[in-house]
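Chain by chain, the residues:
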Amino acid sequence: MKILKIIGLAILGIIVLALIVASVADKDYALEREITIDATHQEVFDYVKYLKNQDNFSKWSSMDPYMKKEYKGEDGTVGFISSWESDSSDVGVGEQEILAIDKNRIEYALRFKEPFEANDKAFMQFEPIGDNQTKVTWGFEGTMDFPMNLMLVVMDFDEMLGADLEYGLEKLKEIIES
């Protein structure tokens, strides 16, 4: 009986410690990746501004080729929404909306519904470097509420999500340069 009490107190201590760490841990995260594409700023922007084209280069779109997709509005304009529904827990259910567009930056709202709920932001930024090269930066930022923010302490979100952004940027480069 004494051993069960010790085990119970140890488990309780670990839970309390985890909650204390989560209460002081950062709740916000942000990451970005960039790539240089051998194409004009206009060529790159004209391709990326259409949210449907993300299906061709996004890592998440490639994870479930059978996901259900729906679109609302006029693609390439503010207010356009691309929603997805997948049986894969790696992809889940959610939607992405174009919030703002100018020639150098597109901003998106990401609303995840399953396997967890979250409202995050993303952007793609375009910077001409020379006559026929464009630096593309893909960024992502969000907030994890207490106690889920403990995941930011134990998992390397920059590495995890960053790898997916890098994959997408490499695919985008391949598409535009071909």
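The numbers attached to residues start from 1 for each chain and follow its sequence in the written order. The predicted origin of the model limits local features to residues at a pLDDT of at least 70 and limits the giving and counting of side-chain atom pairs to 80 or more, whereas totals for whole chains, interfaces and linings rest on all residues. As a rule here, side-chain values come from all non-hydrogen atoms in the structure, and water together with hydrogens is ignored.

Digging into the nonpolar core
- Here, nonpolar core means buried Ala, Val, Leu, Ile, Met, Phe, Trp, Tyr and Cys residues that are tied together by side-chain atoms lying within 4.5 Å of each other. For each residue, the accessible area found with a 1.4 Å probe, counting protein chains only, is set against the maximum for its type, and the residue is called buried under 20%, exposed over 50%, and partly exposed in between. The biggest cluster of nonpolar side chains holds 32 residues, and the ones touching the most others in it are V48, M124, V136, F140 and L172.
- Here a strand is any run of E in DSSP of at least two residues, a helix any run of H or I of at least four, and the numbering for each starts at the N terminus. Mapped onto this core, the elements with two or more residues apiece are β1 (28–37), α2 (41–48), β5 (105–114), β6 (118–128), β7 (134–143) and α6 (157–177).
- For this core, the element with the highest residue contribution is α6, accounting for five residues.
- By the convention used here, residues are in contact when the closest approach between their heavy atoms is within 4.5 Å. Setting aside residues no more than four positions away along its own chain, L172 makes contact with I37, Y47, V48, F57, M124 and V136.

Here we look at the pairing of β5
- Direction of pairing for strand β4 (residues 93–102) relative to β5: antiparallel, over a ladder of nine bridges. Looking at the pairing, Q96 lines up with L110 of β5.
- As paired strands, β5 and β6 are joined by eight bridges and run antiparallel to one another. Note on β6: the bridge partner recorded for L110 is D120.
- A pair of strands is considered paired only if DSSP assigns at least 2 bridges between the two. Connecting the antiparallel pair β5 and β6 is a turn made up of three residues.

A look at the side chain of H41
- Within the fold, H41 resides in helix α2.
- Whenever a nitrogen or oxygen atom comes within 3.5 Å of another N or O atom, the pair is scored as a polar contact, on the condition that within protein one atom can donate a hydrogen and the other can accept it, and that pairs from neighbouring residues in sequence are kept only if both atoms are in side chains. Looking at H41, its side chain comes within polar contact range of the main-chain oxygen of K103, at 2.8 Å.
- When sequence neighbours within four positions are dropped, the list of residues in contact with H41 reads K103, N104, F126, E127, P128 and T134.

Here's the deal with α2
- Among all positions in α2, only H41, V44, F45, Y47 and V48 are buried. In an axial view of α2, the angular spread of the buried residues amounts to 165°, which keeps them on one side of the axis. To obtain the arc, one takes the directions from the helix axis to the C-beta atoms.

Some thoughts on the environment of N56
- Position of N56 among the secondary structure elements: in helix α3 (residues 54–57).
- A relative accessible area of 40% means that N56 is categorised as partly exposed.
- Sequence separation between N56 and K171 is 115 residues, and the spatial gap between their C-alpha atoms is 7.8 Å.
- Apart from the residues lying within four places of it in its own chain, the contact partners of N56 are Y47, K171 and I175.

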